[in-house]
Every structure is written in C-alpha cells, then in structure tokens.
Amino acid sequence: MTRIWIGCYDFENHPAVTGSLAPAVLLAGMARDLPLGGNGLLVKAGGISLTAIFADTFAHELAQPVRFEAGGLTTAQRTRRTAMRDRLDAAAPGIWRTGLKPLVYAVDLGDRLALYFDAEQTESETLALRFATIEKTDPIDGFQAFGEAVAKAEPALAERSTLFNTRWNYSQWRSDMELERKYTFHAIPDTWALVTDLHRELYDGEVEGFFPEPHMGFQVFDYENHIFDVTGPPEEAGYISFIPQVDGPVTVKRKWFRENAELRRESLWPNEAIPVDSFLETARQRVAGNVEKLPAFRRKRFDVNYESLETGHIFGVYFDICATFDDVSEHRFGQVEVEYCRSRTCFPLRDVTPEFEALCSRVEVFLKAHGVKFQHDLYSKLDFAREARGLAAAE
C-alpha cells in the first residue's frame, strides 16, 4: 500500500494561478498498486481509500474509509464523486464546498516525497505530472506538515506552474526529425484484430511503465496521400506529399533523406488551402530540386499510443495498410511502425532510446505470438510509390 495526500484547492484560486501553497482541504489515503514513475502518476477511478480529512484548523480521522474519486466525465464517476463528498461532509460538516478540485498529489517514497500536479482526466483515470521531489525529514501527519512539505518545493512550483494544465507541457526530442522502426508484413494480416488486442494489453496494464496516452491512446486514420519524388540535388532528396484533411484543407509533409533510415528529417504544415489540381505546381514551388509525380495511395492506419510514467515520452505503434488508386493497378502493402511522437513533462527531456528499443522488442514479440510473418526493414512509402509507378509502366 502507498500513502498519498491529496491537496484540494478552489478551482479559481489554486497554486498555478496565485502561488498559494496551502490547500483548502487536505485528504489522506492509501492506494494499492499505485501506478507512478519519475514523471507521471495515475489515479484510477475510485482507486484510493481515504482515511482522514484536514483543514487549517480541523483534523478528522474517518471511522470508515471513503473511496476517492477525482473525475467527473461519466455518470459512474459523478455518482462516486457525489458519494465521496456526502461522506466527507457527514464526517466534517461544511468542510467540503463547491469549487474544490484535487490538484496536488503527494506520494510517500520513504525518505522522499514526490509531488504531482493534476494534468488530465479520462473516464478511467486521472493523470498527474511530477513537478518536484523533496527530502522528507518529518512525517506528514496533517495539514501543517503537508503545507511545509509543499513549501519546500515552491521554487519548482513557481518555475513549472506555467506548464500545468496546458499544451505547453508537450515538447519533442529532435523536433525536426522522425524516429521510427518498420516491420513489413509478408502478407497483410487482419490489422484491426491485431491493434485491438495490442490496445487491450496496454489498457489492462500489462505493459509495465506505460499507459494509453489520455484521449489519444487509440486512433483511426484513413486518408489519401499524394506523393512527389524529390530526386535531387542531394541536399533536397526525399519526398513531398499532400494529404487532404476531412475538414477541407491539406496537410503538407516533407521528408529529406538520400537513403532510407530510422532517423530522418521531417516537417509538417497542416491546414493549408491547396486545390488537388495544384499539388504538382505547389510541389515545384516549394522544392528547390527535381520533382516527379508518383501514384497516389490511400493509407488506412490504426494507432496505439504509449505514454511513459517514468519519462513522459509518448510512442506510437501504427498498423498501416497502403493501396494505390485512380488509374493505377492496385498495389498494396502492410506494415507496423514504432515511432517516437512527443513528450509530456515538466522536466528536461531524457534520452528516448531505451524506451524506444524496449517497445520495439515488445512489438516484435507481439507479432510473433500472433503468428504474423514480417521483416524488420527500412521499406518506406516512397519505395512503395516508386514500385507502383514501375508496375504501372510495365503494363
């Protein structure tokens, strides 16, 4: 069991806004198998047993444990949250009021105290990001001790508060580069069956140290890709492609590479107003080199996104099926890509390589366990489109 304290603040008067460190109400509890790491803490829905409630002039040990609920996205969560508040109010009349929100979580690590700030909620859990780790010289036995402990972390709180509850806590390792590993299928399998099983493993907590990226843990894409080969000069080699969006505009993707590799330079420009019949002209305007039109293809992609509790790195496992269309005889292939996407953290970025390699190894084991024949290679969408052009020319 892990000892945890939950600082509840007025929503419009919390540390990230006012710098005030003292919560309005402090809850103490115990959690079994609490998922936490150097970067993240997951508070499962209804998963903490509260044992005490404190305020600045009040302390009350609960006669019977109360189940803690932070979320309010579903009917079940709201029901549990209402029951929690009713039980707390019965134990300490008037102490709980409208507008209180659990924001700061303190976890006992023995001689240290890890402090986390509420970041995001889903129907199954609340994610909090670590903003400080401090030495714990005295036991946390009430409101004052909690306030003193958090006060030790005030420099970290002040430094990182602008990252709380914003998109600014996302950053990227080598933001101008793409890191991905490819596994090409010998024959295209049932990718839906595979990806749903892979997601189930992650969702059920079978992948140690990772959890589904909140609200983006499972994604489905189906789009056209109009691709143009950039054959030279060497510093411009690669491709440029145009991806029509469902809302009308176009995303432009540009990759620079002379030969296939796992680490390649990449840039994306979404939401551009470019007519389909202007793709070739636009490609020639944007690229200082030779541009050749290749057969367009449709890409159907199922994604599972893994977020790390230890580092905040987010990796995607993408199941791809690509097929040409229009006047080209259909040419198809399937592939799994493991890709580093982004990081969500209040700390400097750590090396992505160890977790990337570990996840790649897990995907290989998963494919073999499911009887999928594949090869680890560098076969790219550019190779595929070039092959399609050659097949069309041979007919």
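To be clear, the structure that these remarks concern was listed above.
Bear in mind that the values here come from a model prediction, so they are computed numbers and not experimental data.

A. Structural context of the pattern of salt bridges. Considering all chains together, one arrives at 33 salt bridges under this definition. The salt bridge involving Lys381 is made with Asp320; its shortest N-O contact spans 3.2 Å. Placement of Lys381 in helix α8 (residues 381–394) and of Asp320 in strand β18 (residues 313–324) is noted, with a sequence separation of 61 residues between them. Assessed through its relative accessible area of 7%, Lys381 is described here as buried. Residues joined by salt bridges that share partners form a network here, namely Glu178, Glu180, Lys182, Lys255, Arg264, Glu266, Arg299, Asp320, Glu337 and Lys381.

B. Representation of helix α3 (residues 143–152) in the model. Among the residues making up α3, those that are buried are Phe143, Ala145, Phe146, Ala149 and Val150. The buried side chains of α3 occupy one side of the element, clustering within an arc of 165° when seen end-on.

C. Region of interest: the packing of aromatic side chains. According to the stated counting rule, one finds 14 aromatic pairs in the structure shown. Measuring from ring centre to ring centre gives 5.8 Å for Phe315 and Tyr340, while their planes differ by 70°; the resulting arrangement is edge-to-face. Residue Phe315 is found in strand β18, and its partner Tyr340 is found in strand β19 (residues 332–344); the two are separated by 25 residues along the sequence. The buried category is assigned to Phe315, whose relative accessible area is 0%.

D. Geometry of the side chain of Gln77. Tracing the sequence through the fold places Gln77 in helix α2 (residues 75–91). Of the residues examined, Gln77 reaches a relative accessible area of 2% and is grouped as buried. Reaching out from Gln77, the side chain makes a polar contact with the backbone oxygen of Glu123 at a distance of 3.1 Å. With residues up to four places along the chain from it excluded, the contact list for Gln77 reads Ala45, Glu69, Gly71, Gly72, Thr122, Glu123 and Ser124.

E. Representation of α2. Compared with the 24 Å implied by 1.5 Å per residue over 17 residues, the 24 Å span of α2 between its first and last C-alpha is a close match. In this structure, the buried side of α2 is in contact with β2 (25–31), β4 (48–55) and β5 (58–68).

F. Representation of the nonpolar core. Of all hydrophobic cores here, the largest spans 28 residues; its most connected members are Leu27, Leu41, Leu50, Phe68, Trp96 and Tyr105. Those elements that place two or more of their residues in this core are β1 (2–10), β2, β3 (40–44), β4, β5, α2, β6 (100–108) and β7 (112–121). With four residues, β4 is the largest single contributor of residues to this core. Core analysis: the second largest hydrophobic core is formed by 27 residues, Tyr183, Leu202, Val363 and Leu367 among them.

G. Representation of the side chain of Thr184. Take Thr184: it is sitting in strand β10 (residues 177–185). Within the structure, Thr184 has its side chain in polar contact with the side chain of Gln335 (distance 2.9 Å). When near neighbours in sequence (up to four residues on either side) are disregarded, Thr184 contacts Phe333, Gly334, Gln335, Lys373, Phe374, Gln375, Asp377 and Tyr379.

H. Quick look at unusual backbone geometry. At the junction of Gly232 and Pro233, the peptide bond is cis and its omega measures out at 0° in the coordinates. Considering the arrangement of structural elements, one finds Pro233 in the loop between β12 (218–232) and β13 (238–244). One non-glycine residue, Asn271, lies in positive phi territory at about 60°. By the secondary structure assignment, Asn271 is in strand β15 (residues 263–272).

I. Molecular detail of the sheet that holds β3. Judged by pairing direction, the sheet is antiparallel, and its eight strands sit side by side in the order β3-β8-β7-β6-β1-β2-β4-β5 without closing on themselves. Of all strands in the sheet, those bounded by a partner on one side alone are β3 and β5. Taken pair by pair, the neighbouring strands of this sheet meet at an average axis angle of 30°, ignoring direction. Bridge count for β7 against strand β8 (residues 125–135) is nine bridges, and the pairing is antiparallel. In the sheet register, Leu113 faces β8, and the bridge partner there is Ile134. On the sheet, α2 packs against β2, β4, β5 and β6 and is oriented at approximately 150° with respect to β5.

About the cut-offs
Residues numbered from 1 in each chain as written. Predicted model: local features only at pLDDT ≥ 70, side-chain atom pairs only at ≥ 80, totals over all residues. Heavy atoms only, no water. Salt bridge = Lys/Arg side-chain N within 4 Å of Asp/Glu carboxyl O. Helix = DSSP H or I, 4+ residues; strand = E, 2+ residues; numbered from the N terminus. Buried < 20%, exposed > 50% of the residue type's maximum accessible area, 1.4 Å probe, protein only. Arc of directions from axis to C-beta. Phe/Tyr/Trp six-rings, centres within 6.5 Å; stacked < 30°, edge-to-face > 60°. Polar contact = N/O pair within 3.5 Å; in protein donor to acceptor, adjacent residues only side chain to side chain. Contact = heavy atoms within 4.5 Å. Expected span 1.5 Å × (residues − 1). Core = buried A, V, L, I, M, F, W, Y, C linked by side-chain atoms within 4.5 Å. Pairing = 2+ DSSP bridges. Axes fitted to C-alpha atoms, helices over the stretch in contact; angles between N-to-C directions.

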